[in-house]
Amino acid sequence: MRPLTKKIQLVNPPIPGFSSLELVKNYFAPLGLLSIATCLSSKMPSVEVEILDGSILTLGEIKRRLEAEIVGISTNSFNYPSALKIAQTAKKKGAKVVLGGVHASFLPVNILRNREYLDAIVVGDGEESMVDYVQGKPFSEIKNLVYRDEEKKIRMNEVANVDLSKLPVIERKFLDQSLYFEAFQKDYPNLPYKKPIAIYSQKGCPWRDKTGGCVFCGRMDKGFRMRSPKQVWEEIEYLVKSYEVDLVWDVADCFTTSKDWLSAFLASKPKHLNPLFMVFARADELDEERVKILKEINCYRVILGVESGDENVLKRSQKGTTLQQILSSAKLLEEFRINTWPSFVLGLPGESEKSLKNTYSLAKFLSSLKNAEALTVSVLIPFPGSKAFAFMLRMPKLAEKYLGRDLFDLEELQKDWVRYFCHADFACLKEYQEKMLRLVPHGTRLI
Ligand code: SF4
């Protein structure tokens, strides 16, 4: 039996060298860590739980503040280099170090093989696994845990989704929410909302579940789970009452997938709750009925997964949508006066100068609509876990270079991808990215 834990720290590492996530970075507290912190403190009230968020703290500040017996670190491909530095410091200070998040979930074995200072990885949902880990349950009995046994062999336990209906409403008290609001208001004083906050109503994407997903998708949730509309409204009520939240960003992969759920969500909407909403949607799902519901729940902005303006490239992206669907969904959103934030990915399989021109033309058209507001243009990053990454590993030269690795130079990954899978070169993609970003005032890029 391990000794009783007095304190646990959960860390969202800062992203080195990136300041361009703009409308997303800095303004939203890390939801996954908040959910884990809520579970830990509700199950073990005597354990002190602290979140160190790299959106508001520097790497140096985080390293200085590490002092817990257990440090859990949330990773993605952007923050992984900082995560390793934090993990090393935590280990030197005597902590058990557990990694979770999307990057660790896709590469648990590589990570444990390559980083002897890490104790364990949690794959997928971390709420129950972290509670079990902190409570000292034997490793072999902790679901979703990847660890080394007594003989230093890497063991991978069964991976299971948690039952969302059993999770408590996510508490926000672990972080000073006003810091996020202030950062947002400073950068965007003219938007009609001042206090945005993130929640999730659903986890997973049925398209990914059915087909393996879009080529570029590096999201990790398996299956498709929906929280009950009542539960979601209860959370929103708490956020509005406690923090005067005026925009709810639902980070569900595809908010509009289930028409039944959407209708139930509208039907259970309390009359006195009217925050704005920002949601993700697929073009093939936005029919008139759904858009009408979005309007009625007070949806301010839809982030629309457009990806490409070239029919052929769109097909090869395995998105499962057509140009016609993109155009009609954008028109519907315009008709219902819901702002559209189209999201594009350049460097999809078969991308050429001709397809880039088509994509630019579509972006220009969408930017000319009355509801055009923002735009995201990314050059495809073949994230570990994505189909694109798997395609790369089928190339002997790239497999030799990348198999077994856990740490990647993202630009190098991008360039290798483009060299093997596109007909346009990397410089050309970057040129189009910049050109497209200039079409609207709030152009953002992931990399
Ligand atoms: S990009 Fe969106 S639609 Fe495509 S698989 Fe991922 S979550 Fe699903």
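Computed from a predicted model, the values in this text were never measured in an experiment.

**Re the nonpolar core**
And then number 1: In this structure, Val302 and Trp417 are the most contacted members of the largest nonpolar core, which totals 106 residues.
And then number 2: Apart from the residues lying within four places of it in its own chain, the contact partners of Val302 are Val279, Ala281, Leu286, Leu294, Leu333, Ile338, Asn339, Thr340 and Trp341.
And then number 3: By size, the runner-up hydrophobic cluster in this structure holds 49 residues, among which are Ala120, Val131, Tyr180 and Leu247.

**Quick notes on the confidence of the model for the protein**
And then number 1: For the protein, the average pLDDT comes to 94, and 96% of its residues sit at 70 or higher.
And then number 2: Scored below 50 in pLDDT, residues 19-24 makes 18 contacts in the model with residues more than four places away or belonging to other chains.

**Points about helix 1 (residues 31-43)**
And then number 1: Spanning 13 residues, helix 1 covers 18 Å between terminal C-alpha atoms, matching the ideal 18 Å at 1.5 Å per step.
And then number 2: Among the 13 residues of helix 1, ten are classified as buried, and the element is accordingly described as predominantly covered.
And then number 3: Restricting attention to buried positions, one finds in helix 1 the residues Leu31, Leu33, Leu34, Ser35, Ile36, Ala37, Thr38, Cys39, Leu40 and Ser41.
And then number 4: Tucked inside the fold, the buried residues of helix 1 contact strand 1 (7-12), strand 2 (48-53), strand 3 (70-75), helix 6 (127-135) and strand 8 (196-199).

**Considering the packing of helix 9 (residues 229-243) against helix 10 (residues 259-267)**
And then number 1: Interaxial distance between helix 9 and helix 10 falls to 9 Å at its minimum, and their mutual angle equals 50 degrees. If you check the angle between helix 9 and helix 10, you find them oblique. Where helix 9 crosses over helix 10, the handedness of that crossing is right-handed. Every residue of helix 10 that contacts helix 9 at Pro229, Val232, Trp233 and Ile236 is listed here: Trp261, Ala264 and Phe265.

**Let's talk about the side chain of Gln231**
And then number 1: Turning to its location among the elements, Gln231 is positioned in helix 9.
And then number 2: Residue Gln231 is classed as buried on the basis of its relative accessible area, which comes to 12%.
And then number 3: The contacts of Gln231, once residues within four sequence positions are left out, are Leu164, Ser165 and Leu167.

**A word on the packing of aromatic side chains**
And then number 1: A full pass over the atoms with the stated rule returns 21 aromatic pairs.
And then number 2: Taking 5.9 Å as the distance between ring centres and 85 degrees as the angle between the ring planes, the aromatic pair formed by Phe265 and Phe277 counts as edge-to-face. A residue pair is termed long-range when its members are at least 10 positions apart, and Phe265 in helix 10 and Phe277 in strand 12 (residues 276-282) qualify at twelve residues. Judged on exposure class, the residue Phe265 and its partner Phe277 are both buried.

**Some points on the sheet that holds strand 7 (residues 154-156)**
And then number 1: On the basis of which strands lie adjacent, the open sheet formed by seven strands has the order 2-1-3-4-5-6-7 and mixed pairing. In this open sheet, the two edge strands, each paired with only one partner strand, are strand 2 and strand 7. On average, each strand axis in the sheet is inclined to that of its neighbour by 20 degrees, with strand direction left out of account.
And then number 2: Summarising the sheet, strand 6 (residues 145-148) and strand 7 pair through three bridges and their orientation is antiparallel. In the sheet register, Val146 faces strand 7, and the bridge partner there is Met156.
And then number 3: Strands in contact with helix 1 are strand 1, strand 2 and strand 3; relative to strand 1, the strand with the most contacts, it is inclined by about 170 degrees.
And then number 4: Contacting strand 1, strand 3, strand 4 (96-100), strand 5 (120-122) and strand 6, helix 6 crosses the sheet at an angle of about 160 degrees to strand 3.

How each quantity is defined
Here, residues in each chain are numbered from 1, in the same order as that chain's written sequence. In keeping with the predicted nature of the model, local features appear solely for residues at pLDDT of at least 70, side-chain atom pairs appear and are counted solely at 80 or more, and the whole-chain, interface and lining totals rest on all residues. To get the side-chain values, all heavy atoms of the structure are used, and hydrogens and water are removed first. Note on terminology: a nonpolar core comprises buried Ala, Val, Leu, Ile, Met, Phe, Trp, Tyr and Cys residues joined through side-chain atoms within 4.5 Å. Exposure is judged per residue with a 1.4 Å probe applied to protein chains only, and the accessible area is read against the type maximum: over 50% gives exposed, under 20% gives buried, and values in between give partly exposed. Residues are treated as being in contact if the distance between any of their heavy atoms lies within 4.5 Å. Predictor confidence is given residue by residue as pLDDT, running from a minimum of 0 to a maximum of 100. Strands here are runs of E lasting at least two residues and helices are runs of H or I lasting at least four, both read from the DSSP assignment and numbered beginning at the N terminus. Here, expected helix span is obtained from the residue count minus one, scaled by 1.5 Å. Axis geometry follows a simple rule: fit a line to the C-alpha atoms, using only the stretch in contact for helices, then measure angles between N-to-C directions, giving values from 0 to 180 degrees. We call two directions roughly parallel when the angle between them is under 35 degrees, roughly antiparallel when it is over 145, roughly perpendicular when it lies between 65 and 115, and oblique otherwise. Handedness of a crossing follows from how the near helix is turned relative to the far one, being left-handed for an anticlockwise turn of less than a right angle and right-handed for a clockwise one. Ring pairs shown here join Phe, Tyr and Trp side chains whose ring centres sit within 6.5 Å, with only the six-membered ring taken for Trp; geometry is labelled stacked below 30 degrees between planes, edge-to-face above 60, and tilted in between. The rule for pairing is simple: two strands pair if DSSP sees at least two bridges between them.

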